[in-house]
Amino acid sequence: MEVIESVRRMQERAEALRAQGKTIALVPTMGYLHEAHLELMRIGRRHADTLIISIFVNPIQFGPTEDFERYPRDPEADLKKAESVGVDIVFMPGVEDMYPEGFQTTVSVRKLTKHLCGLSRPGHFDGVCTVVAKLFNITKPHIAVFGQKDYQQLAVISRMVMDLNMDIQIIGAPIIREPDGLAMSSRNAYLSEKERTSALSLKKSLDLAQEMFWQGERDAQKIRDEMVKLIQSYPDTEIDYVSICDPITLEEVSELGDGTLVALAVWIGRTRLIDNKVIEVQDTNS
Ligand code: AMP
C-alpha cells in the first residue's frame, strides 16, 4: 500500500494509472476509520483495478463553532485498517497543500443544500463540494463511493457531478450500524456511556416512523410528532431537525409514501449525530 501526501505526486500517480488503462475507485474519508468506511472500501475494491482512499479532515466544511479541532484522528490505525481491505493508495494531504494561500474558489449546489443539514450548517456543503471536486481532480477516479448515512451529501455530490459533467460514477453505499442499531460514525467516539444510550433514540425514532407507516399512518406531522416525543424521552437530547421529505428534492412532504425519506439530526450532549431511513412498503412475502 502506498501513502501519498503531496497533491502533485498524487496527480502524477493517478495520471500514470490512467495511462496504463487502469480504472480507479476513490473513497473519500475524514479518517478515524471504522467498519462502515471499510465497507465503502470493499465496494470500491470490487468496482475498479486501483482503490484510492483519501484521509483529510477538511477545515472548510466545518463552521467556526464546530468540532474541526477536536475531530478524532488516528492515522496509524487508519493505515492498518486500509491495508486490511486491500487499499492500493492512501492520499493524505496537508491542509496547506489543499488550500494554499490565495485559494478562493467554491463549488456550490444551490437548492439541495437549502434543506436538512444545510439549514443548521451554513456553508457546510460548499466546503464538501469544493473538497470533493478537488479530490476528484487530484485522484482522477472513474468511480467514487459515498455512504447513504450522509444522505444529503450523497444527493448533493451526485447533483454536482451531473451539473458539472464530471465523468465519474457515484455509488451510494448502505448505512452500516452497530449491533444495537446506532449508525457508525467517527463522532460516536465523543459519546459517554450515558449519551451512547440516548444516541439510540435516532434509529428507534426512524423505526417508529417505518412502523407507523406500516400501520397505515400517512400524515407526516403525526409521525414527526411521535418521533420527537420518542427522542425527547431520552436524556441529553436536543433535536436539530426531523424531516420527512422527498428523496430527490429533499423538500418536506405532508404525506408519506413508498420511498419517502425520513432524516434527522440530534444533539446528544455536545455531539451532533445524523441518521435517516427511506420508507419501504411492507414485504408481503415475509
Ligand atoms: P466521514 O469520514 O465521516 O466523512 O465519512 C466518509 C464516508 O463514509 C462518507 O461517504 C460517509 O457517508 C461514509 N459513512 C460514514 N459512516 C457511515 C455509515 N455508518 N454507513 C455508511 N456510510 C458511512
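Right, let's walk through the structure included here. (Residues numbered from 1 in each chain as written. Predicted model: local features only at pLDDT ≥ 70, side-chain atom pairs only at ≥ 80, totals over all residues. Heavy atoms only, no water.)

With respect to the layout of surface pockets
Thought 1: For the second largest pocket, the calculated volume is near 420 Å³.
Thought 2: Along the wall of the second largest pocket there are 19 residues; nearest its centre are Leu-112, Ala-155, Ser-158, Arg-159 and Met-162.
Thought 3: Class assignment for the residues of the lining of the second largest pocket results in 11 nonpolar, four polar and four charged.
Thought 4: Counting the residues that make up the lining of the second largest pocket, at least three belong to each of domain 1 (2-173) and domain 2 (186-278). (1 Å grid on protein atoms, 1.4 Å probe; cavity = no way out; pocket = protein on both sides within 12 Å on 5 of 7 lines; lining within 4 Å. Points joined across faces, edges and corners; volume = space filled by probe spheres on them. Nonpolar A, V, L, I, M, F, W, Y, C, P; charged D, E, K, R; others polar. Domains from an automatic or database assignment.)

Things to note about the side chain of Ser-205
Thought 1: Relative to the helices and strands, Ser-205 resides in helix H9 (residues 200-214).
Thought 2: Assessed through its relative accessible area of 0%, Ser-205 is described here as buried.
Thought 3: Those residues in contact with Ser-205, other than ones at most four positions away along the chain, are Met-227, Leu-230, Ile-231 and Leu-264. (Helix = DSSP H or I, 4+ residues; strand = E, 2+ residues; numbered from the N terminus. Buried < 20%, exposed > 50% of the residue type's maximum accessible area, 1.4 Å probe, protein only. Contact = heavy atoms within 4.5 Å.)

Details of the site of the ligand
Thought 1: Around the ligand sit 17 residues in total, of which His-37, Gly-147, Asp-150, Ile-176 and Met-184 are the nearest.
Thought 2: Within the backbone of Met-30, one N or O atom sits 2.9 Å away from an oxygen atom of the ligand.
Thought 3: Between the ligand and Ile-176, the relevant distance is 2.9 Å, taken from a nitrogen atom to a main-chain nitrogen or oxygen of the residue.
Thought 4: Those elements that provide at least two residues to the shell around the ligand are strand S2 (24-29), helix H2 (35-47) and strand S5 (143-147).
Thought 5: Ranked by residues supplied to the shell around the ligand, first place goes to H2 with three residues.
Thought 6: Residue classes in the shell around the ligand are distributed as 10 nonpolar, five polar and two charged. (Near = heavy atom within 4 Å. Polar contact = N/O pair within 3.5 Å; in protein donor to acceptor, adjacent residues only side chain to side chain.)

Considering the pairing of strand S6 (residues 169-173)
Thought 1: In this sheet, S6 lies alongside S5 in parallel orientation, the contact comprising five bridges. Its bridge partner being in S6, Phe-146 is matched across the sheet by Gly-172.
Thought 2: In the classification by handedness, the crossover that spans S5, the intervening helix H7 (residues 151-163) and the parallel S6 is right-handed. (Pairing = 2+ DSSP bridges. Right-handed = clockwise from strand over helix to strand, strands pointing away.)

Some details on the sheet that holds strand S3 (residues 50-55)
Thought 1: The parallel open sheet is built from six strands, whose spatial order is S1-S4-S3-S2-S5-S6. At either end of the open sheet lies a strand with only one pairing partner, and these are strand S1 (2-4) and S6. Along the sheet, successive strands turn relative to each other by an average axial angle of 25°, direction set aside.
Thought 2: Relative to strand S4 (residues 89-91), S3 is paired through three bridges, and the arrangement is parallel. By the bridge assignment, Ser-54 is partnered in S4 with Phe-91. (Axes fitted to C-alpha atoms, helices over the stretch in contact; angles between N-to-C directions.)

So, helix H1 (residues 7-19)
Thought 1: Look at H1: 18 Å from first C-alpha to last across 13 residues, which is about the 18 Å you get at 1.5 Å a residue.
Thought 2: Listed in full, the buried residues belonging to H1 are Val-7, Met-10, Ala-14 and Leu-17. Viewed end-on, H1 has its buried residues packed into an arc of 90°, placing them on one side of the element. For H1, the exposed residues set more than 90 degrees away from the buried face come down to Arg-8 and Ala-19.
Thought 3: Taking the backbone nitrogen of Arg-8 as reference, a side-chain oxygen 3.3 Å away marks Ser-6 as the first, capping residue of H1.
Thought 4: Positive backbone phi, at 85°, marks Gly-21, one or two positions downstream of H1. (Expected span 1.5 Å × (residues − 1). Arc of directions from axis to C-beta.)

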